[in-house]
Amino acid sequence: MSDFKNQVRKITELVGGFPVSEYIPSLAWIDHIRGLNAKAEEVSKTFGDLMDKVVQEHLDSRDKQTMDLVDILLSFERQNKDGIEIRRSDIKFIILDLFLGGTATTHSLLEWTMTELIRHPECMKKLQDEIRGDTTKLNIYRSHEEVEDMKYLKAVIKEGLRLHPSLPLLVPRLLTEDVKLKGYDIAEGTQVIINAWAIQRDTVTWGMDAEEFRPERHLDSPLDFRGTNFEYIPFGSGRRICPGIGFAMALVEVTLANLVNRFNWRMDVRFSEDEYNLAEAPGIDVCRKFPLIVFPSTA
Ligand code: HEM
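Bear in mind that the values here come from a model prediction, so they are computed numbers and not experimental data.

Basis of the calculations
- Residues numbered from 1 in each chain as written.
- Predicted model: local features only at pLDDT ≥ 70, side-chain atom pairs only at ≥ 80, totals over all residues.
- Heavy atoms only, no water.
- Donors = N, O, S within 2.8 Å, 3.2 Å for Na, K, Ca; no water.
- Helix = DSSP H or I, 4+ residues; strand = E, 2+ residues; numbered from the N terminus.
- Disulfide = S-S within 2.5 Å.
- Axes fitted to C-alpha atoms, helices over the stretch in contact; angles between N-to-C directions.
- Parallel < 35°, antiparallel > 145°, perpendicular 65-115°, else oblique.
- Left-handed = near helix turned anticlockwise from the far one by under 90°.
- Contact = heavy atoms within 4.5 Å.
- Nonpolar A, V, L, I, M, F, W, Y, C, P; charged D, E, K, R; others polar.
- Domains from an automatic or database assignment.
- Buried area = accessible area lost by both parts, 1.4 Å probe.
- Salt bridge = Lys/Arg side-chain N within 4 Å of Asp/Glu carboxyl O.
- Buried < 20%, exposed > 50% of the residue type's maximum accessible area, 1.4 Å probe, protein only.
- Arc of directions from axis to C-beta.
- Polar contact = N/O pair within 3.5 Å; in protein donor to acceptor, adjacent residues only side chain to side chain.
- Near = heavy atom within 4 Å.
- Core = buried A, V, L, I, M, F, W, Y, C linked by side-chain atoms within 4.5 Å.
- Phe/Tyr/Trp six-rings, centres within 6.5 Å; stacked < 30°, edge-to-face > 60°.

**Quick look at the coordination of the iron atom of the ligand**
Reasoning step 1: Protein coordination of the iron atom of the ligand rests on one atom only, Cys242 (SG), at 2.3 Å.
Reasoning step 2: Along the polypeptide, Cys242 turns up in the loop between helix H11 (203–206) and helix H12 (245–262).

The structure is reproduced here in structure tokens:
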């Protein structure tokens, strides 16, 4: 499992990397020396094998009662639905896309949000007060329905997404036609990279304390992350907007609520240097450079 996690990390590092050959094709040999090609082949084989296994397992248990997403996709295989034919290779890529899109991002958001809560004990206390309410039974599981109305919890997660968007440069786009923008001519085929990280720390929108973790700013804010407010786009915008928003938020809300409800958290004193705590790893998803090490104690 830990090797698998390493492979996911490798793929996100590769996708977020800077392949020289993409910009200066005659210097492709530099990528070769940097070992990029070998790394790409390694992760491609690992994930190819894994997807083969997932598909085979589903084919072997076809007569089971309930169908999951892979079963449904396999049932469409080779059928021509509305002019679209789904092949085995398409199915494997859809599963891989969901898998990569849904794991590292959600995990990274949780880890960064916990980091900020530990750096800001007053926010942690406020959140615990909201989640624990006046109950004395702290070991009770907080369900999805219960967290639905927790405004501060949602504000904390929104602030985590603002300061640490899991995909800070979203996913690169290519212009499909020539565009004129603010007096500039931009040619078809140009790669466009949108810096959501910088947009979400812009003092014009967020005020002079834009770099600060302050969940309260979301309590009465009309800004939403569903792609219509361009000042806040942690899930992107437009036709390529993240299709997993609902799933991601449900998962992170319930997980975070239960983590802080049941336990009090303390960080190892060795890791109290802010710079160390906030160091980011390279890659398309900017996760923590060093894993967050915290100790729980029962509340
Ligand atoms: C905190 C969690 C998540 C964050 C911050 C996040 C963020 C993003 C962003 C920024 C994009 C690119 C959108 C764009 O360029 O406009 C994206 C794409 C995508 N996400 Fe998420 N995501 C998260 C969770 C998930 C989950 C849970 C799933 C699925 C189970 C998922 C599946 C996908 C897929 C398949 C794409 C590619 C869509 C496409 O290009 O057509 N994501 N996500």
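Continuing now.
**Focus: the state of the cysteines**
Every disulfide links exactly two cysteines, by a covalent bond between their sulfur atoms.
Reasoning step 1: Applying the stated criterion to the full structure yields zero disulfides.
Reasoning step 2: Left unpaired, Cys287 is separated from the closest cysteine sulfur, that of Cys242, by 17 Å.

**Some remarks on the packing of helix H5 (residues 69–76) against helix H6 (residues 88–119)**
Each pair of packed helices can be summarised by the angle the axes make with each other and by the distance between the axes.
Reasoning step 1: Running from amino to carboxyl end, H5 crosses H6 at an angle of 155°, the nearest separation of the two axes being 10 Å. Of the possible angle classes, the one that applies to H5 and H6 is roughly antiparallel. Note on packing geometry: the crossing formed by H5 with H6 is right-handed. Listed contacts from H6 to Leu69, Val70, Leu73 and Leu74 of H5 are Arg88, Ile91, Ile94, Ile95 and Leu98.
Reasoning step 2: Tallied by class, the residues present in the contact of H5 with H6 amount to eight nonpolar, no polar and one charged.

**A look at the domain arrangement of the chain**
Reasoning step 1: Each assigned domain of the chain is listed here: domain 1 (1–86) and domain 2 (104–164 + 200–298).
Reasoning step 2: Between the C-alpha centres of domain 1 and domain 2 the distance comes to 29 Å.
Reasoning step 3: If you look at the interface, domain 1 gives six residues, while domain 2 gives seven residues.
Reasoning step 4: When domain 1 packs against domain 2, close to 480 Å² is buried across both sides, 63% of that on carbon and sulfur atoms.
Reasoning step 5: The tally of links between domain 1 and domain 2 comes to zero salt bridges.
Reasoning step 6: For the side of domain 1 that touches domain 2, a count of residues per class yields two nonpolar, two polar and two charged.

**Focus: H5**
Reasoning step 1: Inspection of H5 places Val70, Asp71, Leu73 and Leu74 among the buried residues, and these make up the whole buried set. Down the axis of H5, the buried side of the element spans an arc of 165°, and every buried residue falls inside it.
Reasoning step 2: Those residues of H5 that are buried lie in contact with helix H4 (36–60) and H6.
Reasoning step 3: Between the side-chain oxygen of the N-cap and the backbone nitrogen of Val70 there are 3.1 Å, and the N-cap of H5 in question is Asp68.

**Some thoughts on the environment of Ile193**
Reasoning step 1: Looking at where Ile193 falls in the secondary structure, it is placed in the loop between strand S6 (191–192) and helix H10 (196–199).
Reasoning step 2: Beyond its immediate chain neighbours, meaning those up to four positions away, Ile193 contacts Leu169 and Pro172.

**Quick word on the site of the ligand**
Reasoning step 1: Taken together, 24 residues form the shell around the ligand, and within it Gly101, Arg173, Ser237, Arg240 and Cys242 come nearest.
Reasoning step 2: One of the side-chain N or O atoms of Arg240 is found 2.6 Å from an oxygen atom in the ligand.
Reasoning step 3: Residue assignment for the shell around the ligand shows that the elements contributing at least two residues are H6 and H12.
Reasoning step 4: Tallied by class, residues from the shell around the ligand come to 13 nonpolar, eight polar and three charged.

**Quick notes on the nonpolar core**
Reasoning step 1: Core analysis: the biggest nonpolar cluster contains 35 residues, and Leu117, Leu127, Leu153, Ile157, Leu161, Leu256 and Val260 have the highest contact counts within it.
Reasoning step 2: Here this core takes eight residues from H12, the largest share from any one element.
Reasoning step 3: Contact partners of Leu161, with chain neighbours within four places excluded, come to Leu109, Gln200, Phe225, Tyr232, Pro234, Phe235 and Met249.
Reasoning step 4: Residues Val8, Met51, Ile91 and Leu96 belong to the second largest nonpolar core, which totals 14 residues.

**Remarks on the packing of aromatic side chains**
Reasoning step 1: Per the counting criterion, the structure on display carries four aromatic pairs.
Reasoning step 2: When the ring of Trp206 is compared with that of Tyr232, the centres are 5.7 Å apart and the planes differ by 70°; the resulting orientation is edge-to-face. Of this pair, Trp206 sits in helix H11 while Tyr232 is found in the loop between H11 and H12, placing the two residues 26 residues apart along the sequence.
Reasoning step 3: The exposure class assigned to Trp206 is buried, which follows from its relative accessible area of 8%.
Reasoning step 4: Ring geometry for Phe225 against Phe235: centres 5.3 Å apart, planes inclined by 70°, an arrangement best described as edge-to-face. Of this pair, Phe225 sits in the loop between H11 and H12 while Phe235 sits in the loop between H11 and H12, placing them 10 residues apart in sequence.
Reasoning step 5: Judged by relative accessible area, which is 6%, Phe225 ranks as buried.
Reasoning step 6: Residue classification places Phe235 among the buried residues on the basis of a relative accessible area of 12%.

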